[in-house]
Amino acid sequence: MKRRFLLPSLAILGLLFFQGTTKTIPVSENLHVEEADMPANVKAVVDQKCYGCHNAASKNEKGKAKLDWDAFEASKRAKQLATKGKILEVLESGDMPPKKFLENKPEGKLSEAELATLMDWSKSKKK
Ligand code: HEC
């Protein structure tokens, strides 16, 4: 007797499981996530080439005062746009990372691809 119910209920369970695992994330949620964070490729360059001097705990007081990436992420859009303007300036003039620093650490220099990534991003209006 019991067996007759086993198969249908297994089928229903299977269906529920299938629906649960294949559920796609709505597009709006994806967009939201992208807006909340800097693009991953930009972040990767910043982490490697800029963040060391420009973060809330940096011992480089001058660098920290001018730009703190930790604060940047949390700051308002208008402030971010202003900061991005500054970033574009230093990239165009080749002032960052500082020349003095690169004398001791040439591998800290931005590659052409990295420079292009940061330039494109700092020109865009998105975060
Ligand atoms: C070795 C430490 C160091 C690294 C690495 C570094 N910076 Fe800086 N940054 C500084 C210092 C120091 C200042 C302040 C310079 C001054 O006041 O003359 C500064 C200033 C700045 C400013 C402000 C300029 C202004 O005039 O307001 C921006 C923007 C900036 N850096 C962006 C970057 C970016 C983007 C990178 C990565 C590509 C980077 N920095 C990497 C140390 C660093």
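Just so we're clear, the structure is a prediction, and the values are computed from it rather than from any experiment. (Residues numbered from 1 in each chain as written. Predicted model: local features only at pLDDT ≥ 70, side-chain atom pairs only at ≥ 80, totals over all residues.)

Here we take up the nonpolar core. Listed in full, the six residues of the largest apolar core are V45, V46, C50, M96, L118 and W121. Those elements giving two or more residues to this core turn out to be α3 (40–49) and α8 (112–123). Those residues within four positions of L118 in sequence are excluded, and the remaining contacts are V42, V45 and L91. (Core = buried A, V, L, I, M, F, W, Y, C linked by C-beta atoms within 7 Å. Buried ≥ 20, exposed ≤ 12 C-beta atoms within 10 Å, placed from the backbone. Helix = DSSP H or I, 4+ residues; strand = E, 2+ residues; numbered from the N terminus. Contact = placed C-beta atoms within 7 Å.)

Our focus in this paragraph is unusual backbone geometry. Backbone phi values are negative for most residues with the exception of glycine, while trans is the configuration of most peptide bonds. Between M96 and the following residue, P97, the backbone shows a cis peptide bond with an omega angle of -15°. Position of P97 among the secondary structure elements: in the loop between α6 (77–93) and α7 (99–104).

The ligand sits among 19 residues. The nearest are C50, C53, G63, M96 and F101. When residues of the shell around the ligand are traced back to their parent elements, those giving at least two are α4 (61–66) and α6. Considered class by class, the residues forming the shell around the ligand number ten nonpolar, five polar and four charged. (Near = placed C-beta within 6 Å. Nonpolar A, V, L, I, M, F, W, Y, C, P; charged D, E, K, R; others polar.)

Read these as geometric descriptors, not functional statements.
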